[in-house]
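The chain contents come next:
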Amino acid sequence: MTLDLVIRNARLTDGGELLDLGIRAGRIADIARDLSSPARVLDAEGGRLIKGFADSHLHLDKACLLDRAANPSGTLKGAIEAVSAAKRDFTREDIYARGARVLEKAICQGTTLIRTHVEIDPAVGLAGFDAVAQLKADYAWALELQICVFPQEGLLNYPGTEELLRAALDRGADLLGGCPYTDSDPEGQIARLFDMAREYDVDLDFHLDFDLDNTWRHLDEVARQTVAHAMQGRVAIGHVTKLSTLPPPQLDETIALMRDAGIALTVLPATDLFMMGREFTDSVPRGVAPAHRFHAAGLCCTVATNNVLNPFTPYGDCSLPRMANLFANIAQIGDPAGLDACFDMISAQPFRLLGREAAIKPGDAADLVLLPCATSAMAVAEICRPFWGMRSGRMSFEAPKPVLLAPESAEVGKVRSAESGA
Ligand SMILES: [Zn+2]
């Protein structure tokens, strides 16, 4: 069989043997040891080859706003108000330019699959959806975008929003999101969104709660509606910062509730750390849901970026290994199995949540990203930056290894014998 390219010395699993991948016509034609072929060679040098990272929750439409929207209080209310004011001046061109900046960063960090949440309401209309739909088409050579349209500023309290959500779904939005905590009738919003999701046959992804008061929550209602609408496996909830306040018995009950309802969890550590516990002057709580507990119980559970350089999160380089590392810090995870789980929550788990498969196998499109590390635990521990990626066999980015420029006279890298002095 004639191959176009052979990738040599790659590891497909932690500690796995070194394998070669033969690429032909954009697909993985063969995976074997010592593949014999005269084709061009790309040496993976023992690195870990993955299908890329997946970001299950990223806002492209309100990214990169620090030049025009400030949030001096650092609160959720301050962030929503700042973005709401800036949103009045959003245009399709402006959203496209900011979104493209974020996507290009994400591509170079090895992300190949993204669910992006797009705000829809009468103030911004469909400008966000139209810009992101064009980004989805324009960057399809490097990654896949799923568009989740949602009513950030409420649904039942904001006349005209539902009609616009329906228009976006008619024009190809992939799924519906919700944000009951900003609605005047949160349970009414949840019920309406479930009905619409059934009508359009799309998945649901809620921004569920964003505070640390565990005397009330909407999670039970979402679980009830998920089962009532037979949508197990099709509903995700994000943030859910209240989960960080639960003592172990209540946490176990909640894990069982979500497992029974087939609800996935997305945790957004950068935003949650930035915004939660602002009312505290000392012993500030972390306010980040314990994703690893849900993951360990077998739930679909992901760690994602959420916001980049805006009033909700004034940071961001779109690195998912950095986000997994941040979560590991917060959750005090240091053992290899725990770090593996953190890696899983930015790779196989979000692929699963978005209805895709992370496994690399013959016959599939050659969508590959090379990590310069031998194990997934080290990718998280070292915040590993990928060297290159390809989509359908075509290189989509390169980030070559840094080169050390030691002077010729320097002797570095090996210890001198005692006799040679100094
Ligand atoms: Zn969000």
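Here is a short report on the structure shown in this document. Remember, predicted model here, so these are calculated numbers, not experimental data.

The next thing to look at is the sheet that holds strand β16 (residues 394-398). Strand order across the open sheet formed by four strands is β5-β14-β15-β16, with antiparallel pairing between neighbours. Across the chains shown, the open sheet's two edge strands, defined by having one partner strand only, are β5 (48-50) and β16. Ignoring strand direction, the axes of neighbouring strands in this sheet form an average angle of 20°. Inspection of the sheet shows strand β15 (residues 388-391) paired to β16 by four bridges, in the antiparallel sense. Paired with Gly-389 across the strands is Phe-397, a residue of β16.

So, on to the pattern of salt bridges. Throughout the structure, instances matching the rule amount to 29 salt bridges. Glu-153 is the salt-bridge partner of Lys-87, the closest N and O atoms lying 2.7 Å from each other. Separated by 66 residues along the polypeptide, Lys-87 in helix α1 (residues 76-87) and Glu-153 in the loop between β8 (144-150) and α4 (161-170) bring together distant segments of the chain. On the basis of relative accessibility, which here comes to 21%, the residue Glu-153 falls in the partly exposed class. For Glu-162, the salt bridge goes to Arg-192, with nearest N and O atoms at 2.4 Å. With a gap of 30 residues between them, Glu-162 in helix α4 and Arg-192 in helix α5 (residues 186-200) connect regions that are remote in the sequence. The exposure class of Glu-162 is buried, given its relative accessible area of 15%. We classify Arg-192 as partly exposed; its relative accessible area is 34%. Bridged by salt links that share partners, the residues Lys-62, Lys-87, Glu-119, Asp-121 and Glu-153 form one connected network.

This next bit is on the environment of Arg-68. Tracing the backbone through its elements, the reader meets Arg-68 in the loop between β6 (53-58) and α1. Residue classification places Arg-68 among the partly exposed residues on the basis of a relative accessible area of 38%. Residues Arg-68 and Asn-310, 242 residues apart in the sequence, show an inter-C-alpha distance of 9.2 Å. Apart from residues lying up to four places away in sequence, Arg-68 is in contact with Phe-90, Asp-94 and Arg-98.

The periodicity of an α-helix, 3.6 residues per turn, causes residues three or four places apart in sequence to face the same way. The terminal C-alpha atoms of helix α7 (residues 248-261) lie 20 Å apart, and with 14 residues this matches the ideal 20 Å at 1.5 Å per residue to within 8%. For α7, the complete set of buried residues consists of Leu-251, Thr-254, Ile-255, Met-258 and Ala-261. When α7 is viewed along its axis, its buried side chains cluster within an angular range of 135° and face the same direction. In α7, those exposed residues whose orientation departs by more than 90 degrees from the buried face are Asp-252, Glu-253 and Asp-260. Turning to α7, the residues buried within the fold contact α6 (219-228), β11 (235-239), β12 (263-267) and α9 (291-296). Just past α7, the residue Gly-262 takes up positive phi, approximately 65°.

Calculation notes
Residues numbered from 1 in each chain as written. Predicted model: local features only at pLDDT ≥ 70, side-chain atom pairs only at ≥ 80, totals over all residues. Heavy atoms only, no water. Pairing = 2+ DSSP bridges. Helix = DSSP H or I, 4+ residues; strand = E, 2+ residues; numbered from the N terminus. Axes fitted to C-alpha atoms, helices over the stretch in contact; angles between N-to-C directions. Salt bridge = Lys/Arg side-chain N within 4 Å of Asp/Glu carboxyl O. Buried < 20%, exposed > 50% of the residue type's maximum accessible area, 1.4 Å probe, protein only. Contact = heavy atoms within 4.5 Å. Expected span 1.5 Å × (residues − 1). Arc of directions from axis to C-beta.

Shape is all these values report; function is a separate question.
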